[in-house]
Amino acid sequence: GGLGFGPFYGSMTFQGIIPYFYDQLHPGTGVELNHCVYNNMAVNPRDKKTVNDIVSGRCRDGYNRPDKHDECEDCRARPFEEVVTTHFTICQKPWECFPH
């Protein structure tokens, strides 16, 4: 209640417990990992469609930094050998996940 850990999809699950644990119970001890290496969802990082492997639009990184909007990584281009964990939210099944 009122701590800023929701409401968002998954806030009452692991996705909400981890921010609460590090921000509320153990502040200053968490680190942000590269989301293309850990929990890669193979999602389009921009707000417009990818056409013929060309990405367009602004980054969906959640930051309001117009000067940095061309610097978001496209996790779909990350080599599989470098990915530690994946999250099938977007693709649902690995065989349904198509390259960009």
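Quick caveat: nothing in here was measured; it's all calculated off a predicted structure.

Trainee: So what's going on with the packing of aromatic side chains? Residues and values would help.
Mentor: Per the stated rule, a full pass over the model turns up one aromatic pair. Ring centres of Phe-21 and Tyr-22 lie 5.0 Å apart, and the angle between their planes is 80°; on these two criteria the pair is classed as edge-to-face. The exposure class of Phe-21 is partly exposed, given its relative accessible area of 34%.

Trainee: Talk me through the state of the cysteines; I want residue IDs and the actual numbers.
Mentor: Scanning the model with the defined rule gives two disulfides in all. Each sulfur in the disulfide pair Cys-36 and Cys-75 lies 1.9 Å from the other. Given an S-S torsion of about -70°, the disulfide between Cys-36 and Cys-75 has left-handed geometry. Of the two residues, Cys-36 sits in the segment after helix 1 (14–25) while Cys-75 sits in the segment after helix 1, which places them 39 residues apart along the sequence. Taking the relative accessible area as the measure of exposure, Cys-36 reaches 0% and is therefore buried. One disulfide bridge connects Cys-59 with Cys-72, the sulfur atoms lying 2.0 Å from each other. Its S-S torsion of about -85° marks the bond between Cys-59 and Cys-72 as left-handed, since a negative value means left-handed.

Trainee: Got a sec to walk through the side chain of Asn-44? Specific residues and values, please.
Mentor: Assignment of secondary structure puts Asn-44 in the segment after helix 1. Owing to a relative accessible area of 14%, Asn-44 belongs among the buried residues under this scheme. There is a polar contact of 3.0 Å between the side chain of Asn-44 and the backbone nitrogen of Arg-46. There is a polar contact of 2.8 Å between the side chain of Asn-44 and the backbone oxygen of Lys-48. In this structure, Asn-44 is in contact with Lys-49, Thr-50, Arg-60 and Arg-76, ignoring residues within four places of it in sequence.

Basis of the calculations
- Residues numbered from 1 in each chain as written.
- Predicted model: local features only at pLDDT ≥ 70, side-chain atom pairs only at ≥ 80, totals over all residues.
- Heavy atoms only, no water.
- Phe/Tyr/Trp six-rings, centres within 6.5 Å; stacked < 30°, edge-to-face > 60°.
- Buried < 20%, exposed > 50% of the residue type's maximum accessible area, 1.4 Å probe, protein only.
- Disulfide = S-S within 2.5 Å.
- Helix = DSSP H or I, 4+ residues; strand = E, 2+ residues; numbered from the N terminus.
- Polar contact = N/O pair within 3.5 Å; in protein donor to acceptor, adjacent residues only side chain to side chain.
- Contact = heavy atoms within 4.5 Å.

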